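# Fold and contact review
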Amino acid sequence: MNGPAQPEDDTPARRVLERLLRRAERAMLAGDAQPATLPMDGKRDGAEYRALRGVADFDAFHARIALAERAGAITATRDRHRDDGEHLLRLTVRDVAALARDLRIELLGERVVRAEALLAQWSAPYPCRSDVSRDQAFPKTPGRDSRRSCGNSDETNAPQRFSVITEVLAAWRAGRKVRGHGPEAATDLADAARATDTLLADARGERILRKASIALFNDSKRLEALTAWLDLLVTGELAPSGLEDEQVWSALGLRREPQPLLLAGQGTVELDDGSHHVLPRRWLGFPVDAVRGIATGARALLSIENLASFHEAAALRGDAPVLLLYTGGMPSPTWRAAYARLLAGLPADAALYHWGDIDRGGFRIAAKLAETAAAANRRLLPWLMSPDALPAEVIAGCEPPSPAVSGTMCDWARRAGWDEVAAALQRTPLLLEQERLHPRLP
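Bear in mind that the values here come from a model prediction, so they are computed numbers and not experimental data. (Residues numbered from 1 in each chain as written. Predicted model: local features only at pLDDT ≥ 70, side-chain atom pairs only at ≥ 80, totals over all residues. Heavy atoms only, no water.)

On the surface, a cluster of negative charge is contributed by Glu-244, Asp-245, Glu-312, Glu-433 and Glu-435. With respect to the helices and strands, the residue Glu-433 is situated in the segment after helix H17 (419-427). (Patch = residues over 30% accessible without salt bridge, like charges linked within 9 Å, V, L, I, M, F, W, Y side chains within 5 Å. Areas by Shrake-Rupley, 256 points an atom, 1.4 Å probe, with all protein chains shown as cover. Salt bridge = Lys/Arg side-chain N within 4 Å of Asp/Glu carboxyl O. Lys, Arg positive; Asp, Glu negative; His and termini not counted. Charge placed at Lys NZ, Arg CZ, Asp CG, Glu CD. Helix = DSSP H or I, 4+ residues; strand = E, 2+ residues; numbered from the N terminus.)

Quick look at the environment of Ala-193 now. Here Ala-193 shows up in helix H7 (residues 186-200). Once the C-alpha coordinates of Ala-193 and Leu-230 are considered, the two residues, 37 residues apart in sequence, prove to be 7.5 Å apart. What Ala-193 contacts, discounting residues up to four positions off in sequence, is Trp-122, Phe-162, Ile-165 and Leu-233. (Contact = heavy atoms within 4.5 Å.)

Take the packing of aromatic side chains next. Inspection of every chain in the model, using the stated rule, returns seven aromatic pairs. Between Tyr-49 and Phe-58 the ring centres are 5.7 Å apart and the planes differ by 80 degrees, which places this aromatic pair in the edge-to-face class. When the ring of Trp-335 is compared with that of Tyr-339, the centres are 5.2 Å apart and the planes differ by 25 degrees; the resulting orientation is stacked. Of the two residues, Trp-335 and Tyr-339 are both situated in helix H13 (residues 333-344); the distance of four residues between them amounts to about one turn of the helix. Assigned by exposure class, Trp-335 and Tyr-339 land together as buried. Within the aromatic cluster, the residues linked to one another by ring pairs are Tyr-49, Phe-58 and Phe-61. Sitting above the plane of the Trp-412 ring, Arg-415 keeps its charged end 4.2 Å from the centroid. (Phe/Tyr/Trp six-rings, centres within 6.5 Å; stacked < 30°, edge-to-face > 60°. Buried < 20%, exposed > 50% of the residue type's maximum accessible area, 1.4 Å probe, protein only. Lys NZ or Arg CZ within 6 Å of the ring centre and 35° of its normal.)

Next up on the list: unusual backbone geometry. A positive phi is found at Arg-179, a non-glycine position, where the angle reads about 55 degrees. On the secondary structure map, Arg-179 appears in the loop between helix H6 (163-173) and H7. Take Arg-179: its relative accessible area is 16%, and that puts it in the buried class. Although it is not a glycine, Asn-377 sits at a positive phi angle of roughly 60 degrees. Mapped onto the elements of the fold, Asn-377 is located in the loop between helix H14 (360-375) and strand E14 (380-382). Classification of Asn-377 as exposed rests on a relative accessible area of 76%.

Within this model, the largest pocket holds a volume of roughly 530 Å³. When residues in the lining of the largest pocket are grouped by element, the largest group, four residues, is from helix H11 (residues 245-251). Taken together, the residues of the lining of the largest pocket sort by class into eight nonpolar, nine polar and 11 charged. (1 Å grid on protein atoms, 1.4 Å probe; cavity = no way out; pocket = protein on both sides within 12 Å on 5 of 7 lines; lining within 4 Å. Points joined across faces, edges and corners; volume = space filled by probe spheres on them. Nonpolar A, V, L, I, M, F, W, Y, C, P; charged D, E, K, R; others polar.)

Across its 12 residues, helix H5 (residues 108-119) extends 16 Å between first and last C-alpha, which sits within 8% of the 16 Å expected from 1.5 Å per residue. Those residues of H5 that fall on the buried side of the exposure criterion are Leu-108, Val-112, Ala-115 and Leu-119. For H5, the angular spread of the buried residues around the axis is 60 degrees, confining them to a single face. The exposed residues of H5 that point more than 90 degrees off its buried face are Val-113 and Ala-117. On its buried face, H5 sits against helix H1 (12-29), H6 and H7. (Expected span 1.5 Å × (residues − 1). Arc of directions from axis to C-beta.)

Rendered as structure tokens:
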């Protein structure tokens, strides 16, 4: 009995046949009925053939091509009037499926079918938007309300459906890669979908990244390896979002280590054990999921994206009636729940501001906070996040974003309700890290 077929060596003839197969697949995707061909005397397509030296090399190449011919995969055109009549002029595909079998390569369509089967429970079966969509900055608060299956409100226990996975499969069917990968990455995307579904449904609060990875996959680094796919799922976008890894993890309630909620200002914070803590002159940190509310007379609350800027602002606050809040980069679902409880303790006429990086991630964070504020019937205002609010010398030192990045920034600024900021960014496109500015208070 014959054993399993051994992988074929990487030979010049195999490389040429693989190139011919790729060309045939591209032609099929484009609807081109003409058989794919490769001229063997061309500088690019015939490079391997033209580089052969010696009788043995030519014999091996010709023998491999003859095998593909006998398999019914290709037709070879030879120069019968030269030397021994075996010199190759052109290779033409006769049967794409036969060529794929001869090379022991799965055709794109076969790989996509397998990917569709792996992702069936996670992809939206027909057009609809999951809760992780372009209509929202990030997923809703964890819990059953964030789960949805298209068209059937009774399936409350069904897994989250991600419409972006349907877009991924469509891209793969068209022969396009997503995040640098084709359908061979379906297992990773399925793992990322399972992790996202589990984490968004987990109401226990923030989790340590590697502990959560062990619980989900019995591998402490698996979630980190899936970050690009997690980014796709939480943003609902095929292209990389520009978020840092830590921001992607935080959107799912994951931290490398416990992250306290840092506050600076005047007020008394209530925790879940019934204790009350008067804020000192500088700042104080609390377990995020323990914060139950605040009593404060602050006239404004300013959330700050980056830690260094938070500490600078806290140092100059003095007795100003403003409450400062560190977001920890991208706010997690648990952080946003605590944020909502803090908003409930503010005076009704207190203003709400956010100060962050002027980049894609900064405006995504702003959009998420604006969503939480809107749910509390409050409006979030920008602070030092518009080119119109920056000194001329700062603007002069800024790098402009690419048109695509600029468009994304403006889009997220509008989703935060900051149309005037989006207009300013269109007039003066720029990128600016928050730490380059000296803090000012509202």
